[in-house]
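Each chain, letter by letter, is given below.
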Amino acid sequence: MENTLRKITLKANNTIVNALAFIPENNAKTDRFAIFTHGYTSHKGSILSWASRMFEEGVACVIFDQPGHFLGSFNDVESFEDFKEDAPLLFLKAYEYLKNIYPTGGSKIVIGGHSLGALTSLIALENEYFKSLDTQCICVGFGLPPSGVTHIFATPFYKSTLLIRGQLVSEKLHPDLVFPWIKERKEELQMVQTRIHFITGEDDAVVGKDGTERLAEFLESQGNLVSVEKPKKLSHHMPELAAAHIKKHLKDQFFL
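Residues numbered from 1 in each chain as written. Predicted model: local features only at pLDDT ≥ 70, side-chain atom pairs only at ≥ 80, totals over all residues. Heavy atoms only, no water.

## Section: helix 6 (residues 211-220)
We count it as follows: Note on exposure labels: buried denotes an accessible area under 20% of the residue type's maximum, exposed denotes more than 50%, and partly exposed covers the range between, all computed with a 1.4 Å probe on protein chains only. Helix and strand assignments follow DSSP, with helices taken as H or I runs no shorter than four residues and strands as E runs no shorter than two, numbered in order from the N terminus. The reported arc concerns the directions from the helix axis to the C-beta atoms and nothing else.
Every buried residue of helix 6 is accounted for by Gly211, Thr212, Leu215, Ala216 and Leu219. Down the axis of helix 6, the buried set is contained in an arc of 130 degrees. They therefore lie on one face.

## Examining the nonpolar core
To be explicit about the condition: Only buried Ala, Val, Leu, Ile, Met, Phe, Trp, Tyr and Cys residues count toward a nonpolar core, and they belong to the same one when joined by side-chain atoms within 4.5 Å. In this description, contact between two residues means that some pair of their heavy atoms is separated by no more than 4.5 Å.
In terms of nonpolar packing, the biggest core is built from 54 residues, with Leu10, Ile35, Ile111, Leu122 and Phe198 touching the most fellow members. With 11 residues, helix 2 (residues 80-101) is the single largest residue contributor to this core. Residues contacting Leu10, with those up to four places away along its chain left out, are Thr15, Ile16, Val17, Ala19, Val62, Phe64, Leu90, Lys93 and Ala94. Residues Trp50, Val140, Phe255 and Leu256 belong to the second largest nonpolar core, which totals 22 residues.

## Comments concerning the environment of Phe142
Its place among the elements puts Phe142 in the loop between strand 6 (134-140) and helix 4 (156-165). Looking at Phe142, the relative accessible area reads 3%, which means it is buried. Distance in space between the C-alpha atoms of Phe142 and Leu116 is 8.0 Å, their sequence separation being 26 residues. What Phe142 contacts, discounting residues up to four positions off in sequence, is Ser115, Ala118, Leu119, Leu122, Lys186, Phe198, Thr200, Val207, Thr212 and Leu215.

## Quick look at the environment of Phe33
Of note, Phe33 is situated in strand 3 (residues 32-37). Given the relative accessible area of 0%, Phe33 is considered buried. Linking Phe33 and Val59, residues 26 residues apart in sequence, is a C-alpha distance of 5.9 Å. Each residue touching Phe33, except ones within four places of it in the same chain, is listed here: Val59, Ala60, Tyr95, Leu98, Lys99, Tyr102, Gly105, Gly106, Lys108, Ile109, Val110 and Phe255.

## Quick word on the packing of aromatic side chains
Our working definition: Any two of the Phe, Tyr and Trp rings considered here, Trp counted by its six-membered ring, make a pair once their centres fall within 6.5 Å; the pair's planes then place it as stacked at under 30 degrees, edge-to-face at over 60, or tilted in between.
One pass over the structure, following the stated rule, counts 12 aromatic pairs. Ring plane angle 70 degrees and centroid distance 5.4 Å describe the contact between Tyr40 and Phe179, whose orientation is recorded as edge-to-face. Here Tyr40 is found in the loop between strand 3 and helix 1 (48-56), whereas its partner Phe179 is found in helix 5 (residues 175-188), with 139 residues between them in sequence. Across the pair, Phe179 and Tyr40 agree in class, each one buried. On the numbers, 5.0 Å between centres and 80 degrees between planes, the contact of Phe64 with Phe91 is edge-to-face.

## Side note on the sheet that holds strand 3
Quick reminder of the rule: In this scheme, strands are said to pair when DSSP sees at least two bridges between them. Axis lines are fitted through C-alpha atoms, for helices just across the contact stretch, and the angle between N-to-C directions can take any value from 0 to 180 degrees.
Read from one edge to the other, the open sheet built from 8 strands follows the order 1-2-4-3-5-6-7-8, with strand pairing classed as mixed. Every other strand in the sheet has two partners, leaving strand 1 (4-12) and strand 8 (225-229) as the edge strands with one partner each. Pairwise comparison of adjacent strand axes, ignoring direction, gives a mean angle of 20 degrees for this sheet. With 6 bridges joining them, strand 3 and strand 5 (residues 108-114) adopt parallel strand pairing. Counterpart to Thr37 in the pairing with strand 5 is Gly113. Packing of helix 6 onto the sheet brings it into contact with strand 7 (195-199) and strand 8, and relative to strand 8 it is tilted by some 170 degrees.

## Examining the pattern of salt bridges
Our working rule: Salt bridge, as used here, is a side-chain nitrogen of Lys or Arg placed within 4 Å of a carboxyl oxygen of Asp or Glu.
Applying the stated criterion across every chain yields a total of 16 salt bridges. Asp31 serves as the salt-bridge partner of Arg32, at 2.8 Å between the closest nitrogen and oxygen. Asp31 gets classed as partly exposed once you look at its relative accessible area, which sits at 27%.

Next comes the structure, spelled out in structure tokens:
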């Protein structure tokens, strides 16, 4: 089998998205897969560096576009309810795609994402799609703001940036729908015995000073194994810079 970059689609219920599958050559570590997705209004290209690191290490990887995100493709999503159900399910569909290539592989898996992608990966684990596997999660640029504090999403400055960015997603994913749901869904996460690693830059103005620590503490209290890494330079709009940190963490975990 040759090193290949495959342009594929994934389908969950009625939702279709574009994806890239990185299939290593003879040095493939077929017992492990990696699957990642991006943040709100972005696209899979923003985390291309994450997949490249996996590819270099012989790990098959899929990165996919979130439903209804038009920088990645022009596939729409039928409703916000469909998005909430299908986005986490796409991790499973990506896993099934890789299993078709490596039928006896994939006993270990890392999933994760940036911002909104981090949330959908946690929901996938909450739904126990991979409960029979050796699974861990990587969450970049994600946290829980303190109660009673105006989040940056609610500030006039941030809202002004959405005049264009908000048009890069389906009208069913309007910020007025997505942002309140993200806030509420973080606080409703329920999972146990899950390995979760957070990577958030000290300069990430969206997550804030201790937002990641707050979420980590919340998930740790449920009985999960949670770790936090805080690089000095990893602003929220530059998730590609997390690639080296992801690679180092997974090497330390003997995944790579």
